[in-house]
Amino acid sequence: EGMTILELAKRCGESIPTMQSILVNVGEKVDSEFDPLGIDIAELVAMEVGVNVRRLHSDEGTNVLPRSPVVTVMGHVDHGKTSLLDALRQTSVAAKEAGGITQHLGAFVVGMQSGASITFLDTPGHAAFSAMRARGAAITDIVVLVVAADDGVMPQTLEAMSHAKEAGVPMVAAINKCDKPTANPERVRLQLAAEGLLLEEMGGDVQVVEVSAINKIGLDKLEEALLLQAELMDLKARNDGPAQAYVVEARLDRGRGPLATAIVKAGTLVSGQFVVVGAEWGRIRAIRDTAGKMTNFARPAMPIEIEGLKGLPMAGDDIIVVHSEERARMLSEGRKKKRERDRLRKLEKEKREKEKEEEIEGEEEEEEELEAPELGDQRGGGKRRRKERRKLQEKENKPKRPELPIVVKADVQGTVEAVVDALKGLNSPQLPVFVVHVGVGPISQSDIDMAEACSACIVGFNVRNPPSSISLAATQAGVKIKLHRVIYHLLEDIGNLIVEKAPGTF
Ligand code: GDP
């Protein structure tokens, strides 16, 4: 709080009159450029001129307390990330309270006898981690790097390592499947060391734990290692004051509307507060813990499910508390506008880049023609040929670069957009996702026709299982239908498809 118009104008690189006119437009009274602006207003004005704002909360002089670590599990496909999370989840607080039955909420908490606890993000994989990071959500404190003892370090192991390194997040290595007769944990250790991981046993600070997710061996050792790592990091958070939180996962419930699993980063989130979540807003109607119990407030590192949002937020979106509905609406509208502007700008940039590439390709072709015997009208010839080729491609409906065509169907428009955005976030340079068609409602014959024509697969999000006639038609057309209700599962699924089709991308 407390930035003046003068400071804001300087930081945004805009003139004071521009700032003042924006302020008047958003209905804020301005007397002098030395008047301090509230943080919400400052953000709104900055967004209007296209400047990104990151809120920094000062922890000084407040109630700063130790907090639990938030852990993400990463590693190569099939090395046992899901199994490990399943095994850990069974020891979670929620599982104990609910008699072993748990629902996937995006996060869970494991409590230790000592009273300490660990929060696990319940979504394995790099897509999730990257999506969060792309939104500037530094939620993860520690990465568990899962490596199968019988398979060793693989491409996605290396990728997980570089993700963690780039984000500055320390790792704990879990050598999994140690129950297998073919397990060779020593070899994995050497491989990890060869990749530059400074293992504890070799004088470094990366702890290594041997586990078996299937036989539930070594889980306590892993948890101990995580707590030790957390202790070294001296994790702390401000416990009072307005909450700052992040969305881990969001879904639409038919009865309760948009629900978001969130983790509070600092402060206390209180039921009844007005919040802005990414580009959405709402008033918190209910807060539930991972066991589904209602609670009135949430403290740092505590995963919760919040109800009362007007729209579906995205993973990695930040949650901020504002003091009125009006402010919440205003900020959400501002952010929506900004997202739309950013999206259009990005589209335009992509289009320009594509055109440039085609131009270069065209020129290369012209050069080839120069070497050809007839040196007639090279320029025109090149262009004509380019045009012809493009037409041919259009006719054959065959992209010249490999793409992953996808048809997206979802229950409501907001979800369609969220899914398309999430899929775009997956874009690998080798195999970009190409959304050929989107729609609201159940999967229909015309979706299958469309998918067949483009060799696309259909992604159904929050839609009913299609009737058997539709499933049959899809099978006959060779069209794959993928149904999901959790965005991360969808991303994992499509991510795996990309890996399958273009190995070495993720
Ligand atoms: P993810 O792709 O990394 O999430 O891997 P999964 O958890 O799906 O596991 C892949 C396969 O390895 C499954 O068939 C699991 O049953 C198996 N698996 C996972 N953990 C272990 C383990 O500790 N021991 C053995 N023997 N198999 C395991």
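Computed from a prediction, not measured in an experiment: that's the story for all the values here.

1. A closer look at helix α1 (residues 5-12)
Those residues of α1 that sit buried are I5, L8, A9 and C12. Burial along α1 is one-sided: seen end-on, the buried residues are contained in an arc of 100°. Along α1, exposed side chains directed more than 90 degrees from the buried face belong to K10 and R11. Immediately beyond the C-terminal end of α1, within one or two residues, lies G13, with a positive phi of roughly 70°.

2. Brief notes about the pairing of strand β23 (residues 481-484)
The alternating pattern of β23 places K482 and H484 on a buried face, while none of I481 and L483, on the opposite face, is buried. One ladder, built from four bridges, connects strand β22 (residues 457-461) with β23; its direction is parallel. Along β23, the bridge assignment pairs G460 with L483. As a crossover connection, the stretch from β22 through helix α14 (residues 468-477) into β23 is right-handed.

3. Description of the pairing of strand β4 (residues 70-75)
Two faces, one strand: in a regular strand the side chains alternate between the faces of the sheet. Summarising burial for β4: six of the six residues are buried, a large majority. By the alternation rule, side chains of β4 split into V70, T72 and M74 and V71, V73 and G75, which are all buried. Relative to strand β6 (residues 117-121), β4 runs parallel, the two being bridged by two bridges. When the sheet's bridge partners are listed, V70 is paired in β6 with T119.

4. Concerning the site of the ligand
Close to the ligand lie 15 residues; D78, K81, T82, S83 and D179 are nearest. Within the backbone of H79, one N or O atom sits 3.3 Å away from an oxygen atom of the ligand. A distance of 2.5 Å is found between an oxygen atom of the ligand and a side-chain nitrogen or oxygen belonging to T82. Protein burial of the ligand: of its 580 Å² of free accessible surface, 73% is covered by the chains. With three residues, the top contributor of residues to the shell around the ligand is helix α4 (residues 81-90). The class makeup of the residues in the shell around the ligand is three nonpolar, seven polar and five charged.

5. Describing the nonpolar core
The biggest cluster of nonpolar side chains holds 34 residues, and the ones touching the most others in it are I139, L404, I406, V419, L423 and I494. Listed by contribution, the elements that provide at least two residues to this core are β11 (244-253), β20 (404-410), α12 (413-425), β22 and α15 (487-501). Counting residues per element, this core draws most heavily on α15, which supplies seven residues. When near neighbours in sequence (up to four residues on either side) are disregarded, L423 contacts I406, V408, V433, L491 and I494. Listed in part, the 26 residues of the second largest apolar core include V73, L85, I118 and V209.

6. So, the packing of aromatic side chains
With the rule as written, the count across this model stands at one aromatic pair. Aromatic pair F108 and F120: ring centres 5.4 Å apart, planes at 25°, arrangement stacked. A residue pair is termed long-range when its members are at least 10 positions apart, and F108 in strand β5 (residues 107-111) and F120 in strand β6 qualify at twelve residues. The burial state of F108 is the same as that of F120; both residues are buried.

Reading the values: rules and limits
The residue numbers shown here count from 1 along each chain, following its written sequence. Whole-chain, interface and lining totals are the exception, using all residues; otherwise, since this is a predicted model, local features are given only for residues with pLDDT of at least 70 and side-chain atom pairs are given and counted only at 80 or more. Only hydrogens and water are removed before side-chain values are computed, so all heavy atoms of the structure are retained for them. Only protein chains enter the accessibility calculation, which uses a 1.4 Å probe; a residue whose area is less than 20% of its type maximum is buried, one above 50% is exposed, and one in between is partly exposed. To qualify as a helix, a DSSP run of H or I must reach at least 4 residues; to qualify as a strand, a run of E must reach at least 2; elements of each kind are numbered from the N terminus. To be clear, the arc concerns the directions from the helix axis to the C-beta atoms. Strands pair, by our definition, only if DSSP identifies at least two bridges between them. Crossover handedness is defined here as right-handed if the route from the first strand over the helix to the second strand goes clockwise, with the strands pointing away from the viewer. A single heavy atom is enough: if one lies within 4 Å of a molecule or strand, its residue is considered near that molecule or strand. Two N or O atoms form a polar contact when they lie within 3.5 Å of each other; inside protein one atom must be a possible hydrogen donor and the other a possible acceptor, and for residues adjacent in sequence the pair counts only when both atoms belong to side chains. In these tables, accessible area is a Shrake-Rupley quantity obtained with a 1.4 Å probe, and a residue counts as shielded only by the protein chains included in the view. When residues are sorted by character, Ala, Val, Leu, Ile, Met, Phe, Trp, Tyr, Cys and Pro go into the nonpolar class, Asp, Glu, Lys and Arg into the charged class, and all the rest, Gly among them, into the polar class. The term nonpolar core refers to a set of buried residues drawn from Ala, Val, Leu, Ile, Met, Phe, Trp, Tyr and Cys, joined through side-chain atoms within 4.5 Å. Any two residues having at least one pair of non-hydrogen atoms within 4.5 Å are treated as being in contact. Any pair of Phe, Tyr and Trp rings, taking the six-membered ring for Trp, is counted once the centres come within 6.5 Å. Such a pair is stacked with planes under 30 degrees apart, edge-to-face with planes over 60 apart, and tilted for the rest.

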